[in-house]
Amino acid sequence: MDRLQALKMFVAVAEAESFAAGARTAGLSAASATRGINSLETVLGAQLFTRTTRQVRLTDVGRAYLEEVREILAQLQDADDAASGAAGSPAGRLRITSPQEFGRIHLSPVLTNFLDRFPGVSADVLMVDRIVNLVEEGFDIAVRIGPMPSSGLTAVRVGQVRRVVCGSPGYFARYGHPEHPRDLAAHRVVSAAPATPSRDWRFGRDGETVVKVEPQLTVSSLAAAIEIARRGWGLCRVLSYQVDRDVADGTLETVLREAEPEPLPIHLVHVEGRRAAAKVRTFIEFAAEQLRGVPALKA
């Protein structure tokens, strides 16, 4: 097994946490994978994995080496793409992560348009409401909503959204409109745990107004909370893009607009910066242009 193949084998085993599964990904036998990794460890004079009968785990040295090897392989692929003219027609598999509802509503149509234009690209998308570590979990691009902390990631801003309180016209006809955040104490509230995990709801441009809300109903599904609000049972607090169509067609109304906090920025983030592979650069450019044209993401 040559050095390049050994490095690819190392990444496959690390991501699969299994010699057998990593070997299948690389199109090799488990025995070949084991020999290749053993040889690589011998050359390096370092142990990359801890092995038991049930698990294969990276050592601390292995985790650091994995990050470096991924960057090397990405640079090599980028060089190959440029030399073969593939920079104009990106190819390969993209791994993208996004918040669940944003992925369903906005990322999906952008991605299918991109794949139609660039048939040499395929994609895996993880839609999940948590912060995914791009390096450790092997993703190329993430959609992030909210302030960006200092990090080594490259971020491209594509829009912004607001935190809104909403309910149905029927609900407001029966119970009236809250005029101040403290009025929420007199209203039925359905809380979507992923969207509003805290009962301390902050209002005002700097979040200076804090209202403790006691939801009568808490659900684990954001879509369920919105549907309950549509049916007129109570109020919910979500991000503006999640109910934009409902507000446009009159199914839901937003309240307390003057008390809303500062809008939340939306970024596309990736690791490699200017050295990103052609498929990553091209998707970022394509998605940024499309998402910036969506009225719901201009808050």
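Data block above holds the structure.
Reading the values: the criteria
- Residues numbered from 1 in each chain as written.
- Predicted model: local features only at pLDDT ≥ 70, side-chain atom pairs only at ≥ 80, totals over all residues.
- Heavy atoms only, no water.
- Salt bridge = Lys/Arg side-chain N within 4 Å of Asp/Glu carboxyl O.
- Helix = DSSP H or I, 4+ residues; strand = E, 2+ residues; numbered from the N terminus.
- Buried < 20%, exposed > 50% of the residue type's maximum accessible area, 1.4 Å probe, protein only.
- Axes fitted to C-alpha atoms, helices over the stretch in contact; angles between N-to-C directions.
- Parallel < 35°, antiparallel > 145°, perpendicular 65-115°, else oblique.
- Contact = heavy atoms within 4.5 Å.
- Pairing = 2+ DSSP bridges.

A. Summary view of the pattern of salt bridges. Per the counting criterion, the structure on display carries 15 salt bridges. The partner of Arg93 in a salt bridge is Asp124, and the shortest N-O contact between them spans 2.8 Å. Within this pair, whereas Arg93 is found in strand 3 (residues 92–98), its partner Asp124 is found in strand 4 (residues 121–127), the two being separated by 31 residues in sequence. A relative accessible area of 42% means that Arg93 is categorised as partly exposed. Since its relative accessible area comes to 33%, Asp124 is described here as partly exposed. The network of salt bridges with common partners includes Glu227, Arg230, Arg231 and Asp246.

B. Structural view of the packing of helix 2 (residues 19–26) against helix 3 (residues 30–44). Running from N to C, helix 2 and helix 3 cross one another at 100°; their axes reach a closest spacing of 8 Å. Viewed along their axes, helix 2 and helix 3 adopt a mutual orientation that is roughly perpendicular. Residues Phe19, Ala20 and Ala23 of helix 2 form the contact with helix 3, whose participating residues are Ala30, Ala33, Thr34 and Ile37.

C. Region of interest: the sheet that holds strand 12 (residues 236–239). Sheet architecture is open: three strands sit in the order 12-7-13, paired in antiparallel fashion. Each edge of the sheet is formed by a strand with only one pairing partner; in this case those strands are strand 12 and strand 13 (253–255). For this sheet, the mean angle separating the axes of adjacent strands, direction not counted, is 50°. As judged from the three bridges shared by strand 7 (residues 163–167) and strand 13, these two strands associate in the antiparallel manner. Its bridge partner being in strand 13, Val165 is matched across the sheet by Val255. This element, helix 8 (residues 222–230), spans strand 7 and strand 12 of the sheet and lies at about 125° to strand 12.

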